[in-house]
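A structural walkthrough
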Amino acid sequence: MTARDFVEISKPRIVVVLVITAVTSYLAATRFDATPNVAWDVNWFKLGFLTLAGALASMGASALNHYYDRDIDRVMERTANRPIPSGRMSPKTVLSYGVGVSILSVIIAWFTLNPMATGMIALGIFFYVIIYTAWLKRNNAWNIVIGGFAGSAASMAGWATVTGSMDLLGFLVGWLVFMWTPPHFWCLAIRAREEYASVRVPMLPVLIGNQRTASYILANTAILLPYSVGLYFLNPGPGLLYTIVAAVSGSLMLIYHYKLTKNPTPEFAWKAYKVTAPYLVVIFVALAVDALFYVKIPV
């Protein structure tokens, strides 16, 4: 058992994405708080503890995911070398780490942020560990759809840290994560279809095949694109910079997902997965920068 093993069960890539989502949502919200004419008026104390609490929440939830899925991880080739199935870490150690870090994240948020932001952090842990991992993943084809709200909670926590509440715009911004998650993850599920089938996890490609799953991916992205651009027409709402980036990045996803319907192979699904992976970071960074250089033409 090494430090690297603790890093692995914490899923650092997910941690980075969710922390970026929370921080950029915080920065974007400064354009729509009590001082809308001043953007990026940052409270570094709160931003620092949002980053810390958010990172710990993601780390703890990820470790608990490793603990719960240890039985199927032993069977699937891509997960067989994870710390628990490989024998490098004991299930008890991972469970203790996951529970402890998750509780610590909520405690830190409670004493440094505000009740709404704390609630969103706690809700994110609950959705990922209980709703997605323990309940839906092995029982329902829509597991990743509903479970995607865990990522939305990170954005909403960042927004609520600034506003102290969850207004409509903050909720709709967070919903971007919810809508992006299924088409992104289903691409991975097509690539790993046989492995999911071997452990009887009802991911969509296992149940309906690659072709129909590709159609669902395309349909979902066809909804995500106008949704993301449509936020511009809210009052208040994001400005031109965000909208242009949302249109371009969403269109790129749509093109690849259309191509996937014509070639629903594991190899092309992997290409589509890598195209969709940066979308979330790109669009949320654009949202934050848009708040700083805010330009909006009345419509």
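You'll find the structure just up there.
Procedures and definitions
- Residues numbered from 1 in each chain as written.
- Predicted model: local features only at pLDDT ≥ 70, side-chain atom pairs only at ≥ 80, totals over all residues.
- Heavy atoms only, no water.
- Patch = residues over 30% accessible without salt bridge, like charges linked within 9 Å, V, L, I, M, F, W, Y side chains within 5 Å.
- Areas by Shrake-Rupley, 256 points an atom, 1.4 Å probe, with all protein chains shown as cover.
- Salt bridge = Lys/Arg side-chain N within 4 Å of Asp/Glu carboxyl O.
- Lys, Arg positive; Asp, Glu negative; His and termini not counted.
- Charge placed at Lys NZ, Arg CZ, Asp CG, Glu CD.
- Helix = DSSP H or I, 4+ residues; strand = E, 2+ residues; numbered from the N terminus.
- Buried < 20%, exposed > 50% of the residue type's maximum accessible area, 1.4 Å probe, protein only.
- Phe/Tyr/Trp six-rings, centres within 6.5 Å; stacked < 30°, edge-to-face > 60°.
- Lys NZ or Arg CZ within 6 Å of the ring centre and 35° of its normal.

A contiguous patch of positive charge on the surface is contributed by R78, R191, K271 and K274. With respect to the helices and strands, the residue K271 is situated in helix α13 (residues 266–276). Residue K271 is classed as partly exposed on the basis of its relative accessible area, which comes to 49%.

In this section: the pattern of salt bridges. A full pass over the atoms with the stated rule returns 6 salt bridges. With a shortest N-O distance of 3.0 Å, E8 and R88 are connected by a salt bridge. Within this pair, whereas E8 is found in helix α1 (residues 3–9), its partner R88 is found in the loop between α4 (70–73) and α5 (91–112), the two being separated by 80 residues in sequence. Between D69 and R138 there is a salt bridge, with its nearest N and O atoms 3.1 Å apart. Here D69, found in the loop between α3 (44–68) and α4, pairs with R138, found in the loop between α6 (115–136) and α7 (143–147); they are 69 residues apart in sequence, far enough to count as distant. Residue classification places R138 among the partly exposed residues on the basis of a relative accessible area of 25%.

The next thing to look at is the packing of aromatic side chains. Given two aromatic rings, one states the distance between the centres and the angle between the planes to describe the pair. For the structure shown, the criterion picks out 16 aromatic pairs. Plain terms: the ring middles of Y128 and Y132 are 5.8 Å apart, the flat faces sit at 25° to each other, and that makes the pair stacked. Of this pair, Y128 and Y132 both sit in helix α6, 4 residues apart, roughly one helical turn. Consider the rings of F171 and W175, whose centres lie 5.2 Å apart with planes at 25°: the pair is stacked. Of the two residues, F171 and W175 both sit in helix α9 (residues 168–191), 4 residues apart, roughly one turn of that helix. Ring pairs connect the aromatic residues F126, F127, F149, F171, W175 and F178, which therefore count as one cluster. Here the guanidinium or amino end of R191 rests over the ring plane of W270, the centre of that ring lying 4.0 Å away. Over the aromatic face of Y256 sits the side chain of K259, whose NZ or CZ is 5.3 Å from the ring centroid.

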